[in-house]
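# What the coordinates show
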Amino acid sequence: MKIIMNDTPIEISGSTLNHALSNSGISDLKGLAVAVNETVIPRTTWENFTLKENDTITIIRATQGG
């Protein structure tokens, strides 16, 4: 399935948000916020959230600094 992740088209195997994150090589999920088609998706639903062809995923990682 083809999706767009952070403005980059990618092919993923599987259809859930967890599959997309795994296929993109993201292993550390701490501090991540994820939106699909501009709607923030709660972390508790990532495993069962079904993606559709051409969905747009935006991933934001929280950082701290001083």
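Above this text is the structure in question.
The structure reproduced in this document is the subject of the present report. (Residues numbered from 1 in each chain as written. Predicted model: local features only at pLDDT ≥ 70, side-chain atom pairs only at ≥ 80, totals over all residues. Heavy atoms only, no water.)

### Focus on the sheet that holds strand β4 (residues 39–40)
- Spatial strand order, β2-β1-β5-β3-β4: five strands in an open sheet with mixed pairing. In this open sheet, the two strands that pair with only one neighbour each are β2 (8–11) and β4.
- Note: strand β3 (residues 32–36) against β4, two bridges, orientation antiparallel. Within β4, the residue paired with V36 across the bridge is T39. (Pairing = 2+ DSSP bridges. Helix = DSSP H or I, 4+ residues; strand = E, 2+ residues; numbered from the N terminus.)

### A closer look at unusual backbone geometry
- Although it is not a glycine, D7 adopts a positive phi angle of roughly 70°.
- Take D7: it is sitting in the loop between β1 (2–5) and β2.
- Residue D7 is classed as exposed on the basis of its relative accessible area of 72%.
- In this structure, N37 takes a positive phi of about 50° despite not being glycine. (Buried < 20%, exposed > 50% of the residue type's maximum accessible area, 1.4 Å probe, protein only.)

### A look at the nonpolar core
- Ranked by internal contacts, the top residues of the largest apolar core, which has 14 residues, are L17, L51 and I57.
- If you list the elements that add at least two residues to this core, you get β1, α1 (17–23), β3 and β5 (56–61).
- Ignoring any residue separated from it by four or fewer positions in sequence, one finds L51 in contact with M1, I3, I12, S15, T16, L17, A20, V36 and I57. (Core = buried A, V, L, I, M, F, W, Y, C linked by side-chain atoms within 4.5 Å. Contact = heavy atoms within 4.5 Å.)

### Considering the side chain of T16
- Within the secondary structure layout, T16 lies in the loop between β2 and α1.
- Separated by 2.7 Å, the side chains of T16 and H19 make a polar contact.
- Among residues more than four places away in sequence, those in contact with T16 are W46, E47, F49, T50 and L51. (Polar contact = N/O pair within 3.5 Å; in protein donor to acceptor, adjacent residues only side chain to side chain.)

### Regarding the environment of A33
- When you line up the elements, A33 lands in strand β3.
- The partly exposed category is assigned to A33, whose relative accessible area is 36%.
- C-alpha of A33 to C-alpha of A62: the two residues are 29 residues apart in sequence and 7.8 Å apart in space.
- Discounting residues that sit within four places of it in the chain, A33 has contacts with T58, I59 and I60.

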